[in-house]
Amino acid sequence: MLDPKLLRDNSDKIRKMLEARAVEFPLDQLIKADEERRDLIIRTDEIRKKRNEIALEIARKKKGNVDVAKLIEQMQSASDDLRKLEETQVKTEDSYTKLSLSLPNLIHESVPIGRGDNANKEIKKWGKPPIFNFKIRDHIDLTQGLDLVDLERAAKVAGARFYYLKNMLVKLNQSLIQYALDFLSDKNYTLVQTPYLINRRSMEGAIIAEDFEDVIYKVEGEDLYLIGTSEHAVASMHSNEIIDGKNLPLRYAGVSPCFRKEAGAHGRDQKGIFRVHQFDKVEQFVFSRPEESWNEHERLLSIVEEFYQKIELPYRIMLLSSGDLGKVSAKTYDLDAWMAGQNSYREIVSCSNCLDFQARRLKIRFRERTDEQTQYLHTLNSTLVATTRTMVAIMENFQTKDGHIAVPKVLQKYIGASTI
RNA sequence: GCGGGGGUCGCCUAGCCUGGUAGGGCGUGGGAUUGCUAAUCCCAUGUCCGUAAGGACCCGUGGGUUCGAAUCCCACUCCCCGCGCCA
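Please read these numbers as outputs of a predicted model, since none were measured by experiment.

**Considering the protein's contact with RNA strand B**
In the region of RNA strand B, 24 residues are neighbours, and Arg-38, Asp-45, Met-75, Thr-370 and Thr-374 sit closest. Per the 4 Å cut-off to the protein, sugar and phosphate atoms form 75% of the nearby atoms of RNA strand B. One nitrogen or oxygen atom from the side chain of Asn-52 is found 3.0 Å from a phosphate oxygen belonging to RNA strand B. Taking Arg-367, its side chain carries an N or O atom lying 3.3 Å from a sugar or linking oxygen of RNA strand B. Put simply, the parts of the chain that give the surface near RNA strand B at least two residues each are helix 3 (27–63), helix 4 (69–102) and strand 13 (364–367). The element contributing the most residues to the surface near RNA strand B is helix 3, with 13 residues. Across the surface near RNA strand B, the residue classes break down as eight nonpolar, five polar and 11 charged.

Here you go:
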């Protein structure tokens with residue numbers, strides 16, 4: 001949600017954003033709804049004022065035992081007027097809220113303008129893709145050879161894009177989680193394991209309406225949705241709160257499984273565990289002062305880089321273009337890890353600054369002193385590790401000639417082995 | 001799941017029975033006073049509309065009754081206590 005003042009004073013800025021994102025949006029309709037809404041507030045306020053005055057008068061006269069029948073009549077007619085006006089007000093307010101909740105976030109000036117991922121900008125590269133002197137396997141071959149994944153039975157039991165992890169891959173998965181939690185814990189993050197199901201209000205605070213359709217699973221008959229990432233549950237954790245400024249920034253390490261419908265992804269990455277409906281993730285989430293959020297954004301990225309350097313995965317950092325940017329994000333870096341089996345860099349991390357977009361929806365504010373005006377804070381999120389994709393990268397890059405997998409050094413003490 | 005108690009403006013609390021402008025304390029900021037500190041007193045301290053003056057709203061949420069609801073009625077929700085069930 002954007003500051004409604006922008007609709008009035010600077011709608012061009014919003015228009016430019018919509019154009020850059022190539023998003024169709026009935027902005028004029030929203031501006032009109034906002035105007036109507038404010039007009040109705042003024043009109044209903046006037047009637048309420050009158051009603052309050054009469055009510056006061058009645059109370060006073062009653063004390064003096066004066067007849068108030070006439071005043072009560074006036075009150076009745078004012079209440080009737082109000083009821084009628086309120087009906088239209090509810091409708092206007094509804095359409096305003098609905099529209100304003102589906103308006104995407106502003107875009108930071110450093111974001112390249114363009115459609116799709118062609119316009120994404122490479123910021124840097126780290127590490128060198130490994131060179132193999134044998135015919136390499138992709139992660140699907142590797143997991144089959146070592147009995148690490150059972151896709152057929154998962155398809156039978158749950159459907160496509162599900163998987164059973166088996167044997168050492170179960171341990172690798174746990175090791176990545178454990179290492180990631182230790183890593184962030186050392187950086188004084190607050191560890192938080194979130195609810196995996198959250199209600200609609202909370203979900204709406206973290207994502208934009210259309211994502212409900214494409215990514216979010218709903219529990220039938222309940223006001224509950226499976227989180228697509230712990231970001232959704234951590235963001236809403238402080239909803240409707242006023243945070244004491246001296247506690248900022250709040251840095252959380254969220255850990256949870258992630259559930260995604262992958263509705264628009266038919267045919268893409270159909271095999272293996274690269275694109276699946278369920279995976280585990282350790283996520284960084286920061287509540288920050290507005291003036292510090294861009295520094296926090298860079299900080300998140302540098303922590304991510306440190307992590308993948310320690311795991312020794314070659315990667316590149318991409319700055320997403322306006323067309324590729326998520327609707328709630330003002331600026332996003334992706335970290336694409338080298339995947340030897342696919343001979344390309346693939347996305348494993350997404351690091352975003354959402355400014356006050358989520359905070360407005362969730363009413364998360366802060367202030368330094370209790371006599372001060374409250375302010376919306378900024379929220380940022382970044383993957384630290386999404387286990388399935390990182391495991392794909394590890395398996396493909398660390399494979400050995402005999403079809404086994406070397407374990408990155410930092411993970412060895414967690415998994416208790418040097419090869420799989 | 002059953003029974004009982006509760007949710008009040010950042011925090012704590014009064015008001016609810018008996019409907020008529022939500023009061024007090026703490027914290028925080030400003031001011032006054034005082035060698036300094038402390039103490040004391042005064043003012044401010046939620047949201048929305050409005051350039052402002054001002055006004056409206058706010059007592060867990062949503063309905064209802066009423067001229068008028070924090071207050072009465074109904075439903076829901078969360079917390080606490082007891083019972084039941086349970087990994």
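Here the narrative resumes, following the displayed structure.
**Observations regarding the environment of Thr-379**
Along the chain, the position of Thr-379 falls in strand 15 (residues 378–386). It is 7.3 Å that separates the C-alpha atoms of Thr-379 and Phe-285, two residues lying 94 residues apart in sequence. In contact with Thr-379, not counting residues within four places along its chain, are Phe-285, Val-286, Phe-287, Asn-353, Cys-354, Leu-355 and Gln-358.

**Structural notes on the pattern of salt bridges**
This structure, assessed with the given rule, holds 29 salt bridges. In this structure, Asp-34 and Arg-38 form a salt bridge, with 3.5 Å as the shortest nitrogen-oxygen distance. Remark: Arg-38 and Asp-34 occur in helix 3; sequence separation between them is four residues, near one turn of the helix. The exposure class of Arg-38 is partly exposed, given its relative accessible area of 30%. With a closest N to O distance of 2.4 Å, Lys-281 and Glu-283 form a salt bridge. One connected set of salt bridges, linked through shared partners, spans Arg-8, Asp-34, Arg-37, Arg-38 and Glu-93.

**Let's talk about the sheet that holds strand 14 (residues 375–376)**
Sheet architecture is open: three strands sit in the order 7-13-14, paired in mixed fashion. At either margin of the open sheet sits one strand with a lone partner, and together these are strand 7 (241–244) and strand 14. With two bridges connecting them, strand 13 and strand 14 associate as antiparallel partners. Note that in strand 14 the partner of Arg-365 across the bridge is Tyr-376.

**Here we look at the pairing of strand 9 (residues 278–288)**
Regular strands have side chains that alternate between both faces of the sheet. Judged by how many residues are buried, strand 9 sits mostly within the fold: nine of 11 residues are covered. Where strand 9 meets strand 15, eight bridges bridge the pair, whose relative direction is antiparallel. Residue pairing across strands places Phe-285 opposite Asn-381, the latter belonging to strand 15.

**Notes on the domain arrangement of chain A**
The assigned domain composition of chain A is domain 1 (4–101) and domain 2 (121–415). The centre of domain 1, based on its C-alpha atoms, is set 42 Å off from the matching centre of domain 2. Roughly 600 Å² is buried in total at the junction of domain 1 and domain 2, and carbon and sulfur atoms are behind 47% of that figure. Three residues, Ala-20, Arg-21 and Leu-101, lead the burial of domain 1 against domain 2; their summed loss comes to 83% of the area buried on that side.

Procedures and definitions
- Residues numbered from 1 in each chain as written.
- Chains lettered and ligands numbered in written order.
- Predicted model: local features only at pLDDT ≥ 70, side-chain atom pairs only at ≥ 80, totals over all residues.
- Heavy atoms only, no water.
- Near = heavy atom within 4 Å.
- Polar contact = N/O pair within 3.5 Å; in protein donor to acceptor, adjacent residues only side chain to side chain.
- Helix = DSSP H or I, 4+ residues; strand = E, 2+ residues; numbered from the N terminus.
- Nonpolar A, V, L, I, M, F, W, Y, C, P; charged D, E, K, R; others polar.
- Contact = heavy atoms within 4.5 Å.
- Salt bridge = Lys/Arg side-chain N within 4 Å of Asp/Glu carboxyl O.
- Buried < 20%, exposed > 50% of the residue type's maximum accessible area, 1.4 Å probe, protein only.
- Pairing = 2+ DSSP bridges.
- Domains from an automatic or database assignment.
- Buried area = accessible area lost by both parts, 1.4 Å probe.

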